[in-house]
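# Chains, contacts and geometry: an overview
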Amino acid sequence: QKEVEQNSGPLSVPEGAIASLNCTYSDRVSQSFFWYRQYSGKSPELIMSIYSNGDKEDGRFTAQLNKASQYVSLLIRDSQPSDSATYLCAVSLPSNTDKLIFGTGTRLQVFP
Amino acid sequence: DVKVTQSSRYLVKRTGEKVFLECVQDMDHENMFWYRQDPGLGLRLIYFSYDVKMKEKGDIPEGYSVSREKKERFSLILESASTNQTSMYLCASSLPGDSGYGYTFGSGTRLTVV
């Protein structure tokens, strides 16, 4: 089992809809969770971080963490074509907190 | 503003050449990383440094070496470039431990070995 798993997509949603991106992780005691957005040909940029169970909102983005079920999700409300990108989930390992483990990413397409 | 700078955006090298990829960060971060990213394979860690002159192998170190003589600079060296090293190379830096701030990435170097 991969340490961090994401559906590769593409996930296609119409403009204005809610996009829901999911990520599961294998290490039950992971501490920190991150979502990165990566446009084609560009480097990843951090958009959300979450450490506690529940929801964390930042503008149109909401990160949700459920440690008991070992999943973290990212909701994008009012999706825009400019949100079309690959979204990477990253998780810290308690055995080596200096390193993040990345999923392979989910490609999101928002069509007008 | 930023933060992590990679010296070249695009690079074309010949098979067998020694290639240097440079990364400089101005955030006083202890940790620096080199990844390569290939379609379908995601980010793969090549090397990691947690302090000056300290390094640790990642998942795919074969064919690569690194140098960190100063805190702000982390260099990736391809000893003898091969076509299977054609890839996007990403440098990142971070604070030590589980700081909660994640990584800051450079803009990437797309290397083509011909």
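Please refer to the structure placed before this passage.
Residues numbered from 1 in each chain as written. Chains lettered and ligands numbered in written order. Predicted model: local features only at pLDDT ≥ 70, side-chain atom pairs only at ≥ 80, totals over all residues. Heavy atoms only, no water.

Before going further, it helps to examine the interface of chain A and chain B. The interface of chain A with chain B comprises 21 residues on the first partner and 26 residues on the second. Both faces combined, the contact of chain A with chain B buries some 1600 Å², and carbon together with sulfur accounts for 51% of it. The largest share of the area that chain A buries against chain B comes from D98(A), K99(A) and F102(A), three residues that together contribute 31% of it. The interface formed by chain A and chain B contains 1 salt bridge. Where K99(A) meets E56(B), a salt bridge forms, and the shortest distance between an N and an O atom there is 3.3 Å. Secondary structure elements with two or more residues in the side of chain A that touches chain B: strand 4 (33–38), strand 5 (45–50), strand 9 (85–93) and strand 10 (96–102) of chain A. Per-element accounting of the side of chain A that touches chain B gives the leading share, 6 residues, to strand 10 of chain A. Among the residues making up the side of chain A that touches chain B, the classes are represented as 8 nonpolar, 10 polar and 3 charged. (Contact = heavy atoms within 4.5 Å. Buried area = accessible area lost by both parts, 1.4 Å probe. Salt bridge = Lys/Arg side-chain N within 4 Å of Asp/Glu carboxyl O. Helix = DSSP H or I, 4+ residues; strand = E, 2+ residues; numbered from the N terminus. Nonpolar A, V, L, I, M, F, W, Y, C, P; charged D, E, K, R; others polar.)

Residue and element names in this part refer to chain A. For the coordinates displayed, the defined rule picks out 11 salt bridges over all chains. In this structure, R37 engages E45 in a salt bridge whose closest nitrogen and oxygen atoms are separated by 3.1 Å. Among the residues examined, R37 registers a relative accessible area of 14% and is labelled buried. The partner of E57 in a salt bridge is R77, and the shortest N-O contact between them spans 3.5 Å. Placement of E57 in strand 6 (residues 54–58) and of R77 in the loop between strand 8 (71–76) and strand 9 is noted, with a sequence separation of 20 residues between them. (Buried < 20%, exposed > 50% of the residue type's maximum accessible area, 1.4 Å probe, protein only.)

The subject of this paragraph is the state of the cysteines. Residues and elements named next belong to chain B. Under the definition given, this model contains 2 disulfides over all chains. A sulfur-sulfur distance of 1.9 Å marks the disulfide that ties C23 to C91. Taking the torsion about the S-S bond as the criterion, the C23 to C91 disulfide, at about -75 degrees, is left-handed. Note that C23 is positioned in strand 3 (residues 19–25) and C91 in strand 9 (residues 87–94), a separation of 68 residues in sequence. A relative accessible area of 0% means that C23 is categorised as buried. Accessibility expressed as a relative area gives 0% for C91, which makes it buried. (Disulfide = S-S within 2.5 Å.)

A separate point is the environment of F61(A). Residue and element names in this part refer to chain A. Within the fold, F61 resides in strand 7 (residues 61–66). The spacing of F61 and V91 is 30 residues in sequence and 18 Å in space, taken between C-alpha atoms. Apart from the residues lying within four places of it in its own chain, the contact partners of F61 are R37, I47, M48, K56, L74, L75, I76, R77 and D83.

Let's shift gears to the sheet that holds strand 7 (residues 64–70) of chain B. All names here are of chain B. Strand order in the open sheet formed by 4 strands is 1-3-8-7, with antiparallel pairing between adjacent strands. Only two strands of the sheet have a single neighbouring strand rather than two, namely strand 1 (4–6) and strand 7. Between one strand axis and the next, the sheet turns by 20 degrees as a mean value, whatever way the strands run. Bridge count between strand 1 and strand 3: 3 bridges; the pairing is antiparallel. Opposite V4, over in strand 3, you have Q25 as the bridge partner. (Pairing = 2+ DSSP bridges. Axes fitted to C-alpha atoms, helices over the stretch in contact; angles between N-to-C directions.)

Counting residues in hydrophobic clusters, the biggest one holds 25 residues, and the most contacted among them are W35(A), V72(A), L74(A), I76(A) and Y87(A). Elements with a contribution of two residues or more to this core: strand 3 (19–25), strand 4, strand 5, strand 7, strand 8, strand 9 and strand 11 (106–111) of chain A. The dominant element in this core, judged by the number of residues it contributes, is strand 9 of chain A, at 5 residues. Counting residues in hydrophobic clusters, the runner-up holds 20 residues, among them I46(B), I60(B), V66(B) and A81(B). (Core = buried A, V, L, I, M, F, W, Y, C linked by side-chain atoms within 4.5 Å.)

Attention now moves to the packing of aromatic side chains. With the rule as written, the count across this model stands at 15 aromatic pairs over all chains. Plain terms: the ring middles of Y36(A) and F102(A) are 5.7 Å apart, the flat faces sit at 55 degrees to each other, and that makes the pair tilted. One end of the pair, Y36(A), is in strand 4; the other, F102(A), is in strand 10, with 66 residues separating them in the sequence. Ring plane angle 65 degrees and centroid distance 6.0 Å describe the contact between F102(A) and F105(B), whose orientation is recorded as edge-to-face. Placement of F102(A) in strand 10 and of F105(B) in strand 10 (residues 104–105) is noted, with the two residues assigned to different chains. Exposure remark for F102(A): the relative accessible area of 11% places this residue in the buried category. When its relative accessible area of 8% is taken as the criterion, F105(B) is described as buried. Joined through ring pairs, the aromatic side chains of Y36(A), F102(A), F33(B), Y35(B), F48(B), Y50(B), Y103(B) and F105(B) make up one cluster. Its guanidinium or amino end placed over the ring of F61(A), R60(A) lies 5.6 Å from that ring's centre, counting from NZ or CZ. (Phe/Tyr/Trp six-rings, centres within 6.5 Å; stacked < 30°, edge-to-face > 60°. Lys NZ or Arg CZ within 6 Å of the ring centre and 35° of its normal.)

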